[in-house]
Amino acid sequence: MALAEDNEMFGAIEAGGTKFVLAVGHSPTKIIARHEIPTRSTAETLEAAAAWLESHGVITALGIASFGPVELDKASPQWGRITNTPKPGWANCDIAGFFAERLKVPIGFDTDVNGAALAEYRMGAGLNASSLAYCTVGTGIGGGLILGGAPVHGAAHPEMGHIFPRRHSHDLDFEGICPHHRDCLEGLASGPAIKARWKASLSELPSDHIAHEIIAEYLAQLAHALFALTAVEVIVMGGGVMKTPHLLDRVNERSSQLGAGYFPGESKHKIVAPSLGDQAGITGALLLASAP
């Protein structure tokens, strides 16, 4: 469903663990105002977000792309809640319910990475592609998947950061930092995991440091798994770690090696940077507002 261009105003929230990005606009390409607030306590953050949205007049609907885990099953009484997040004070936050009650509008709700994936699919790197995965590699590792033109939901939502990669031969002793799985992908290749064993961010390490090869290996395994399991055409990799010079090239090269020319349609496989840059999340939230 397309957003109205002239007579309707939509609101959007990209709810992150560090900051909330807010916007109002007639469409994703006609944003009237944009604002950021720090993520503090639930009461303080939600109140500040609602007040800003209200200050820009009446909106028709609101789209929320939120950090998670979240409940996406509309048949569940927990729909619209942030569930068992480790972020202090935010577990079981009824974020969708708060704004539905406060603003009296329909709510479109999904994960932040599904929102970003939807934006890249419809307006960015996924144009003319049949499917797209969006992976963010930063403080954590998360992913959204678009198949058949819509975000994939199942028992929950994709948790791409919690697969278990094969360990690199020079990375066998590090136990990983994920509090649930230790050496899952997030526990090995997220920004905090990199700093935990090398005491620096990936971009701060010399270009010939083994860390670049190790992290590229793990992310290439994620790409290989996505190509093998979902037949996705385009994988977008964003987030702070992916801003490391030449990392995306390393991931592409290693992913191709792992594929070994086996996959049908391999010529369609692409691993690319976000076309929408840091605007993917809030653009996705505006798209969610069009079909709450």
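Everything here concerns the structure above.
Note that the structure is predicted; figures quoted are calculated from it, not measured. (Residues numbered from 1 in each chain as written. Predicted model: local features only at pLDDT ≥ 70, side-chain atom pairs only at ≥ 80, totals over all residues. Heavy atoms only, no water.)

## What about the pattern of salt bridges?
The condition is simple: Think of a salt bridge as a Lys or Arg side-chain nitrogen and an Asp or Glu carboxyl oxygen that are within 4 Å of each other. Secondary structure elements follow DSSP: runs of H or I of four or more residues count as helices, runs of E of two or more count as strands, with numbering from the N terminus. The cut-offs for exposure are 20% and 50% of the maximum accessible area for each residue type, with area from a 1.4 Å probe on protein chains only; residues under the lower value are buried, those over the upper are exposed, and the others partly exposed.
Summed over all chains, the structure comprises 12 salt bridges. The salt bridge involving lysine 19 is made with glutamate 36; its shortest N-O contact spans 3.5 Å. Separated by 17 residues along the polypeptide, lysine 19 in strand β2 (residues 19-27) and glutamate 36 in strand β3 (residues 30-38) bring together distant segments of the chain. Under the relative-accessibility criterion, lysine 19 is labelled partly exposed at 39%. Using a relative accessible area of 37% as the deciding quantity, one classes glutamate 36 as partly exposed. Put simply, arginine 197 and aspartate 171 hold a salt bridge, and the shortest N to O gap is 3.0 Å. Placement of arginine 197 in helix α5 (residues 191-198) and of aspartate 171 in the loop between β8 (150-151) and α4 (185-189) is noted, with a sequence separation of 26 residues between them. Given the relative accessible area of 15%, arginine 197 is considered buried. Via salt bridges that share partners, Arg167, Asp171, Asp183 and Arg197 belong to a single interconnected network.

## Quick word on helix α2 (residues 95-103)
How we decide: Here the arc refers to the directions that run from the helix axis out to each C-beta atom. The contact criterion used throughout is that any non-hydrogen atoms of two residues lie within 4.5 Å.
What α2 keeps buried is the set Ile95, Ala96, Phe99 and Leu103. When α2 is viewed along its axis, its buried side chains cluster within an angular range of 100° and face the same direction. Where the residues of α2 are buried, they touch β1 (10-15), β2, α1 (42-54), β4 (61-66) and β5 (107-111). Backbone geometry just after α2 places lysine 104 at a positive phi near 60°.

These values are about where atoms sit, not about what they do.
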